[in-house]
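Below are the chains, spelled out letter by letter.
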Amino acid sequence: MIGVDIHGGLSQLDALGDVRLPRDARDKLAAYLDLLVRWNRTYNLTAIREPERMITHHVLDSLAVLPHLADSAERESLSLLDVGSGAGLPAIPLAIARPAWRVVALDSNHKKGAFIQQVVNELALANVEAAVSRVEDYRGSAPFDVVIARAFSDLATFAESSARHLAPRGRLIAMKGVRPDEEIAQLPPAYRVIETKALAVPGMEAARHLVVMERR
């Protein structure tokens, strides 16, 4: 295992308020980070290499969105597609936090897809599917309540490439840094922004925002 107190680092979750984790979640998050650190040495899955920063900039950043993904972040039946998942972010932390949700981690990079599949196998994440495909080519078995993306593209590209995967009343959610006012202004008329939400992520000084969209 990595020489970092992941459990101590994740104590910062208490500052997120509404986020509650299953009993075994912290052990699984620690195992996930251990795999990420080891694979990253060879495959360069993420530019962040320090385990301490992975806790804040990857895990806590992913889990900070949890209360905002649906009308109720505790609902049992939510399905989520993570577009451009990379090293499984935010898909893997969210799936660990909500084991009853159906989560698909989608990325076109085969090495990243192989990493996500290894995480799924080693952590026994029965609620996660690793899919290697461009979002434009992906054919899922069912539509999704939430389609989310973290540093994937501008809002217009994200919406136009991903909206067809939404269930009725489904939402597109983009994880951004500063509030992307210019991108919001350039959204096609077929989409509207429901809300933008500033997030406070423990251990991160950078601005973080969610942009929640839907089809008109």
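Preceding this section is the structure that the text describes.
Now for a description of the structure that goes with this document. (Residues numbered from 1 in each chain as written. Predicted model: local features only at pLDDT ≥ 70, side-chain atom pairs only at ≥ 80, totals over all residues. Heavy atoms only, no water.)

## Some thoughts on the overall build of the protein chain
As a reminder, the rule being used: By definition, any uninterrupted DSSP run of H or I lasting at least four residues is a helix, any uninterrupted run of E lasting at least two residues is a strand, and each is numbered from the N terminus. To sort residues, take the accessible area from a 1.4 Å probe on protein chains only and compare it with the maximum for the residue type: under 20% means buried, over 50% means exposed, and anything in between is partly exposed. Residue-level accessible areas treat just the shown protein chains as cover; the underlying method is Shrake-Rupley with a 1.4 Å probe.
Counting its secondary structure elements, the protein chain contains 7 helices and 7 strands. Listing the helices and strands of the protein chain from first to last along the sequence gives α-α-α-β-α-β-α-β-β-α-β-α-β-β. Evaluated residue by residue, the protein chain yields a buried proportion of 53% over its 216 residues. If you sum the accessible surface of the protein chain, you get close to 9900 Å²; carbon and sulfur atoms cover 46% of it.

## Some details on the side chain of Asp 61
Note the threshold: Think of a polar contact as two N or O atoms within 3.5 Å of one another; within protein, one of them needs to be a possible hydrogen donor and the other a possible acceptor, and neighboring residues in sequence only count if both atoms come from side chains. Throughout, a contact is declared for two residues whenever any of their heavy atoms are within 4.5 Å.
Here Asp 61 shows up in helix α3 (residues 51–63). At a separation of 3.0 Å, a polar atom in the side chain of Asp 61 contacts the side chain of Arg 150. Setting aside its immediate chain neighbours within four residues, Asp 61 contacts Thr 56, Arg 150, Met 175, Val 201, Met 204 and Arg 208.

## Regarding the pairing of strand β1 (residues 79–83)
It is a general feature of regular strands that their side chains alternate between the two faces of the sheet. Filter applied, for reference: By definition, two strands form a pair when at least two bridges between them are found by DSSP.
Within β1, 5 of the 5 residues are buried, which leaves it mostly tucked inside the rest of the structure. Residues of β1 alternate between two faces, with Ser 79, Leu 81 and Val 83 on one and Leu 80 and Asp 82 on the opposite face, all of them buried. Pairing between β1 and strand β2 (residues 102–107): 5 bridges, direction parallel. Within β2, the position partnered with Val 83 by the bridge is Leu 106.

## Regarding the packing of aromatic side chains
Note the threshold: In summary, the pairing rule links any two rings of Phe, Tyr or Trp, Trp by its six-membered ring, whose centres are within 6.5 Å, and it sorts them by plane angle into stacked for under 30 degrees, edge-to-face for over 60 and tilted for everything else.
By the definition in use, this model includes 4 aromatic pairs. Here Tyr 32 and Phe 115 contribute two aromatic rings whose centre-to-centre distance is 6.2 Å and whose plane-to-plane angle is 45°, an arrangement assigned as tilted. Of the two residues, Tyr 32 is situated in helix α2 (residues 25–43) and Phe 115 in helix α5 (residues 110–123); the sequence distance between them amounts to 83 residues. Relative to Phe 158, the ring of Phe 152 lies with its centre 6.4 Å away and its plane at 75°, an arrangement referred to as edge-to-face. Three or more aromatic residues joined by ring pairs make a cluster, and in this case those are Tyr 32, Trp 39, Tyr 43 and Phe 115.

## A closer look at α2
We apply this condition: The span expected for a helix works out to 1.5 Å for each residue beyond the first.
Here α2 is 19 residues long and its end C-alpha atoms lie 26 Å apart, about the 27 Å a rise of 1.5 Å per residue gives. Listed in full, the buried residues belonging to α2 are Ala 25, Leu 29, Ala 30, Tyr 32, Leu 33, Asp 34, Leu 35, Leu 36, Val 37, Trp 39 and Asn 40. Immediately downstream of α2, the backbone of Asn 44 shows phi near 50°, a positive value.

## Focus on the sheet that holds β1
Selection rule: Angular values range over 0 to 180 degrees, each being the angle between N-to-C directions of two axes fitted as lines to C-alpha atoms, with helices fitted over their stretch in contact.
What the 7 strands build is an open sheet, ordered β3-β2-β1-β4-β5-β7-β6; its pairing is mixed. On the outer flanks of this sheet lie β3 (128–132) and β6 (191–199), each paired with one strand and no other. Adjacent strand axes in the sheet meet at a mean angle of 20° when their direction is disregarded. Sheet topology places β1 next to strand β4 (residues 144–150); 4 bridges connect them, and they run parallel. Paired with Leu 81 across the strands is Val 147, a residue of β4. Of the strands in this sheet, β4, β5 (166–176) and β7 (208–215) touch α3, which is tilted by about 150° from β4. On top of the sheet, helix α6 (residues 155–162) reaches β1, β4, β5, β6 and β7; it is set at about 150° to β5, its chief contact.

## As for unusual backbone geometry
Cis peptide bonds are those with omega within 30 degrees of zero, and the linkage from Leu 89 to Pro 90 qualifies with 10°. Positionally, Pro 90 belongs in the loop between β1 and α4 (91–97). For Asn 44, which is not glycine, the phi dihedral falls at a positive 50°. Mapped onto the elements, Asn 44 comes out in the loop between α2 and α3.

## Topic: the packing of α2 against α5
Note the cut-off: Angles below 35 degrees are treated as roughly parallel, those above 145 as roughly antiparallel, those between 65 and 115 as roughly perpendicular, and all remaining angles as oblique. Less than a right angle of anticlockwise turn of the near helix away from the far helix marks a crossing as left-handed, whereas a clockwise turn marks it as right-handed. Under the scheme applied here, ten amino acids are nonpolar (Ala, Val, Leu, Ile, Met, Phe, Trp, Tyr, Cys and Pro), four are charged (Asp, Glu, Lys and Arg), and all others, including Gly, are polar.
At their nearest, the axes of α2 and α5 sit 10 Å apart, and the two run at 150° to each other. Classified by the angle between their axes, α2 and α5 sit roughly antiparallel to one another. The interaxial crossing formed by α2 with α5 has right-handed handedness. For the pair α2 and α5, contact is made by Lys 28, Ala 31, Tyr 32, Leu 35, Leu 36, Trp 39 and Tyr 43 and by Lys 111, Ala 114, Phe 115, Gln 118, Val 119, Glu 122 and Leu 123, respectively. For the contact of α2 with α5, a count of residues per class yields 10 nonpolar, 1 polar and 3 charged.

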